[in-house]
Amino acid sequence: MVKKYQEQVDLISEEVPDIRLLPMSKNDLAFIGKSIEEVQDWFKFYLPGNKYQFKRKMTAPKGTLVLFQFRGRLIASALLKKTVSYDEVNEFGYSGYYKFSKSSIFTFDPLDIKDVQKIWSGMKGFNQSHQTLDATQYPALKQLLAKRQLRFLKFKNDEDYQKSIEEITIKKAVVEDRPKELIEKGSQASKKMQWGRAPLTAKRAIVQADFKCEVDASHEFFVSSVTNENYVEAHHLIPLEFQPQFDNSLDVEANIVSLCAMCHKKIHHAPGSEKFQMVEILHEKRSERLKKCEIYIGREDLKMRY
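Reading the values: the criteria
Residues numbered from 1 in each chain as written. Predicted model: local features only at pLDDT ≥ 70, side-chain atom pairs only at ≥ 80, totals over all residues. Heavy atoms only, no water. Helix = DSSP H or I, 4+ residues; strand = E, 2+ residues; numbered from the N terminus. Polar contact = N/O pair within 3.5 Å; in protein donor to acceptor, adjacent residues only side chain to side chain. Contact = heavy atoms within 4.5 Å. Phe/Tyr/Trp six-rings, centres within 6.5 Å; stacked < 30°, edge-to-face > 60°. Buried < 20%, exposed > 50% of the residue type's maximum accessible area, 1.4 Å probe, protein only. Pairing = 2+ DSSP bridges.

> Let's hear about the side chain of S104: which residues, and what values?
If you trace the backbone, S104 turns up in the loop between strand 5 (96-100) and strand 6 (106-111). A polar contact of 2.8 Å, which involves the side chain of S104, links it to the backbone oxygen of S101. Contact partners of S104, with chain neighbours within four places excluded, come to S77, A78 and L79.

> Kindly report on the packing of aromatic side chains, identifying the contributing residues and their values.
In the structure shown here, the tally under the stated rule is 15 aromatic pairs. Ring geometry for W42 versus Y52: centroids 5.8 Å apart, planes at 75 degrees, classification edge-to-face. In this pair, W42 is assigned in helix 2 (residues 36-45) and Y52 in strand 2 (residues 52-54), connecting sequence segments 10 residues apart. A single burial state applies to W42 and to Y52, both of which are buried.

> Give me the lowdown on the environment of E176, citing residues and values where you can.
Relative to the helices and strands, E176 is located in the loop between helix 5 (158-167) and helix 6 (199-208). Placed 78 residues apart in sequence, E176 and A254 show a C-alpha to C-alpha distance of 9.2 Å.

> Please give an account of the pairing of strand 1 (residues 19-23) that cites residues and values.
Regular strands place side chains that alternate from one sheet face to the opposite one. Burial within strand 1 is extensive, with 5 of its 5 residues counted as buried. Burial along strand 1 is two-sided: I19, L21 and P23 and R20 and L22, pointing in opposite directions, are all buried. Across 5 bridges, the pairing between strand 1 and strand 3 (residues 65-70) is parallel. Each bridged residue has a counterpart across the sheet, and for L21 the counterpart in strand 3 is L67. In this sheet, strand 7 (residues 131-133) lies alongside strand 1 in antiparallel orientation, the contact comprising 3 bridges. Considered in strand 7, the bridge of L21 is made with Q131.

Structural data, given as C-alpha cells:
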C-alpha cells in the first residue's frame, strides 16, 4: 500500500516552509452535529474555492502545510495560500479567513495521537491550540500518509483543472519517465473507479515545455496574469477516458502536452483531418517517453482516440 500511494503523497508539495496543526471546533456553525466523514465531505465539496473563517488567527507563512484536527483526529490537509483579517469581528464572531490552494486539499483515513507521535514523539496530545510542528519531519509525514486512503478533490470541469495548474508555482521540472500505478481516487465505499488528474504533474509537464505550445512553439497569444508566462494549457495526449484500456496511469508527464488555448480547442473540436495533423506531431514527440512509462500506443491507434 505504501508503494501504491507514495506517488500521490509526493504530489502534496515538494517541500513546505512550516507545518501547523489547526483545531476545528465541533461547535463551529459549519460543523455542529457533523461526523468526521461529513466534515471530510465539507473539505471535498465546499472548501475548494471558498473561505475558511477563523475566530483566532493562526500566524503562518504562505505555503504552510496545515493539518486539520477534528474530534481528536487529523482528518485533512491543505497548503495555506493567504490569511486575511477583517477590520472588525463579524456578526458570527469570525475575525478573518484563510484561503487554501485548491489543488493541495485532500482528506485521508483519520490519524490519532499515537499515529502522530510516531513522527513528533514530543507531542503530548491534541488540544484547541494552533500547534507548530517540526517541518524537517515532513518526509516522515508523507511516508505515514502513504499508508492511508488519500482522497483528493475532483475538479468540476476542465477550466477548474487548468486554473488549479496555473496556481502552482515550481522553479524547475525534474521529470523521470517511469510507470505509475493506477490509484483509486474515491473513498473505500466507492464502487466506481475515478481517474484523477494531479495538477502538479501537469504543471511539471508545462514547465518542462518552457510554457511553449508543443504543436507550434511560435504560438504566443498572451501572457498569463497568474504565471507571467506565455499562457498554455495541459492536455492528456491519450485521453483519460481510455484509461481502462491501459495497465499504468495515463496521468504522467509523458502523456501531458503543453498547448496554447487555440490548439487545445482545436484538438478537441476541429474536423478529424486537422486534429490528426496535430496528433501526429505530438505522437512523434512523445512516443518514446510513453514507452518508458510502459504506455504503448501507435500513431494510428492514437488517432482513433480522437
